[in-house]
Amino acid sequence: MIVHIGIVNAKLQVLLHRQYRHDGNVRSFNECVELVWKDGQVCGPVQKLDDVLVYHICRENIHYLLCARNGGNSVATDASAIEFLNELYMLIKNFCGATTEESLRKNALLIEEILSETVNRGHIYTTDLSSLRPCIYSEPIDMPSLKKTVLTSTLLATDTKPIVPNTTALRPVFGSRLEQSQNQHRAEIFVDVVEKIYATISKEGTITNFSLCGSVNLKSCLESKASIILGFNEDLVLSSSESESESYSTDVVLSNYILHETVKSDKFAADQT
């Protein structure tokens, strides 16, 4: 059972620490840290202190510690604890983008959320990245760019490689583009499809009720006033049309819709354009 998880730098300064169990005689995290360092040197990955086992790994000169109650000399338990610390290190790196001491200090709140979601009351809950993303609400703090000088055959160039967390791949790109001025858009058309799904599922796992609500937003940045035709495929069936009775069960029936006043809806009922 996990009691403490913490992150310590090379100077034995505790950067982050979380305690999961408070019942019984629980040793402090500082005692566990002192057990790892003896005579100024780092000991092995597994250390014992009476009824407490201390596991630790070192990545980029940062030490990740896990303190657990001794439940027996099990090789599988030791291997699982070390593997969990490796998974925790990769999670922090994926969310924060970097695992330097400065990055860990600036993203302390984000890492606290990761520690609270991965372990529940002393037991490992999950280390799956896709499962943790919806549970983490803090935004990572981008670190300043790292500049590397590259000597070419003609000149001395500076190659800049910013450290960016991989969570930026999930952020929409249209927000920053729309904030730009109209003059910066060159023959661009933006189409946003927003969907909301409502479903009722019974105890047996069958869907008893299902509805889909959404909107299609189109923004034209063309310099000319050209007409734009937006069409839907044949899988979309209007409830008021004659083809509803002939549609398949897999078709989407549009029971109600509202068109913008600027849209020419003369052929929408027939051609869906």
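These numbers were taken from a predicted model, which means no experiment stands behind them.

A.B. asks: How should I be thinking about the overall build of the chain in this particular structure?
C.D. replies: Counting secondary structure elements, the chain contains 7 helices and 15 strands. By residue count, 27% of the 273 residues in the chain fall in the buried class. Taking contacts inside the chain between residues at least 6 apart in sequence as the whole, the part at least 24 apart equals 49%. Just so you have it, the chain exposes about 18,500 Å², and 51% of that area is on carbon and sulfur atoms.

A.B. asks: Would you mind going over the confidence of the model for the chain with me for this structure?
C.D. replies: The predicted coordinates ought not to be read in detail in places where the model reports low pLDDT. Here the chain averages 75 in pLDDT, and 73% of its residues register 70 or above. Confidence over residues 146–158 falls short of pLDDT 50; this stretch has 18 contacts with residues more than four positions distant or in other chains. Low pLDDT, under 50, characterises residues 171–178; the stretch is placed with 8 contacts to residues that sit more than four places away or in other chains.

A.B. asks: I tried to follow the side chain of Glu-113 on my own but got confused; where do I start?
C.D. replies: Tracing the chain through its elements places Glu-113 in helix α4 (residues 108–118). In this structure Glu-113 is buried but unpaired, with Arg-18 as the nearest side chain of opposite charge at 10 Å. Ignoring anything within four residues of it in the chain, the contact list for Glu-113 reads Cys-135, Ile-136, Tyr-137 and Ser-138.

A.B. asks: When you look at a nonpolar patch on the surface in this model, what are you seeing that I'm missing?
C.D. replies: On the surface, a nonpolar cluster with roughly 610 Å² of combined accessible area is contributed by Ile-189, Val-191, Val-193, Val-216, Leu-218, Ile-228, Leu-230 and Phe-232. If you list the elements that add at least two residues to the nonpolar patch, you get β12 (189–201) and β13 (207–220). When residues in the nonpolar patch are grouped by element, the largest group, 3 residues, is from β12. Tracing the backbone shows Leu-218 in strand β13. On the accessibility criterion, Leu-218 (39% relative accessible area) is partly exposed.

A.B. asks: I'm lost on the pairing of strand β5 (residues 46–49) in this one. Help?
C.D. replies: Along any regular strand the residues' side chains alternate between the sheet's two faces. In terms of strand pairing, β5 meets strand β6 (residues 52–59) through 4 bridges, oriented antiparallel. Bridging from a neighbouring strand, Leu-49 pairs with Val-52 of β6. Counting the residues between successive antiparallel strands, the hairpin from β5 to β6 contains 2 residues, one of them, Asp-50, with a positive phi of roughly 55 degrees.

A.B. asks: Any chance you could explain the state of the cysteines here in plain terms?
C.D. replies: Should the sulfur atoms of two cysteines be covalently bonded, the bond is a disulfide. Under the counting rule described, the total for this entry stands at 0 disulfides. Cysteine Cys-32 shares no disulfide, and the gap to the nearest cysteine sulfur, in Cys-67, comes to 3.1 Å.

A.B. asks: What is the right way to read the side chain of His-63 from this model?
C.D. replies: Tracing the backbone shows His-63 in strand β7 (residues 62–69). The residues contacting His-63, other than those within four sequence positions of it, are Gly-6, Ile-7, Val-8, Asn-9, Trp-37, Val-42, His-56, Ile-57 and Cys-58.

A.B. asks: Any chance you could explain helix α1 (residues 29–36) here in plain terms?
C.D. replies: Two residues of an α-helix separated by three or four positions point the same way, owing to the 3.6 residues in each turn. Those residues of α1 lying buried are Phe-29, Cys-32, Val-33, Leu-35 and Val-36. Buried residues in α1, looked at end-on, bunch into an arc of 155 degrees, giving them a common side.

A.B. asks: Teacher, can you tell me more about the nonpolar core here?
C.D. replies: The nonpolar side chains of soluble globular proteins are, as a tendency, buried together. In terms of nonpolar packing, the biggest core is built from 31 residues, with Ile-5, Ile-7, Tyr-64, Leu-66 and Ile-92 touching the most fellow members. Counting residues in hydrophobic clusters, the runner-up holds 11 residues, among them Val-8, Phe-29, Cys-32 and Trp-37.

A.B. asks: When you look at the environment of Cys-32 in this model, what are you seeing that I'm missing?
C.D. replies: Along the chain, Cys-32 falls in helix α1. When the C-alpha positions of Cys-32 and Lys-48 are compared, they lie 9.2 Å apart, and in sequence the two are 16 residues distant. With residues up to four places along the chain from it excluded, the contact list for Cys-32 reads Val-52, Val-54, Leu-65 and Cys-67.

A.B. asks: Looking at this model, I keep getting lost on unusual backbone geometry. Mind explaining?
C.D. replies: What you tend to see is this: most non-glycine residues have negative phi, and most peptide bonds are trans. Residues other than glycine seldom take positive phi values, yet Leu-12 does so here, at roughly 65 degrees. One non-glycine residue with positive phi stands out, namely Asn-61, at about 65 degrees. Tracing the sequence through the fold places Asn-61 in the loop between β6 and β7.

A.B. asks: Explain the pairing of β13 to me, please; I cannot follow it from the model alone.
C.D. replies: Two elements, β12 and β13, share 13 bridges in a ladder whose sense is antiparallel. Counted as the bridge partner of Ile-197 is Leu-212 from β13.

Definitions and limits used
- Residues numbered from 1 in each chain as written.
- Predicted model: local features only at pLDDT ≥ 70, side-chain atom pairs only at ≥ 80, totals over all residues.
- Heavy atoms only, no water.
- Helix = DSSP H or I, 4+ residues; strand = E, 2+ residues; numbered from the N terminus.
- Buried < 20%, exposed > 50% of the residue type's maximum accessible area, 1.4 Å probe, protein only.
- Contact = heavy atoms within 4.5 Å.
- Areas by Shrake-Rupley, 256 points an atom, 1.4 Å probe, with all protein chains shown as cover.
- pLDDT = per-residue confidence, 0-100.
- Lys, Arg positive; Asp, Glu negative; His and termini not counted.
- Salt bridge = Lys/Arg side-chain N within 4 Å of Asp/Glu carboxyl O.
- Patch = residues over 30% accessible without salt bridge, like charges linked within 9 Å, V, L, I, M, F, W, Y side chains within 5 Å.
- Pairing = 2+ DSSP bridges.
- Disulfide = S-S within 2.5 Å.
- Arc of directions from axis to C-beta.
- Core = buried A, V, L, I, M, F, W, Y, C linked by side-chain atoms within 4.5 Å.

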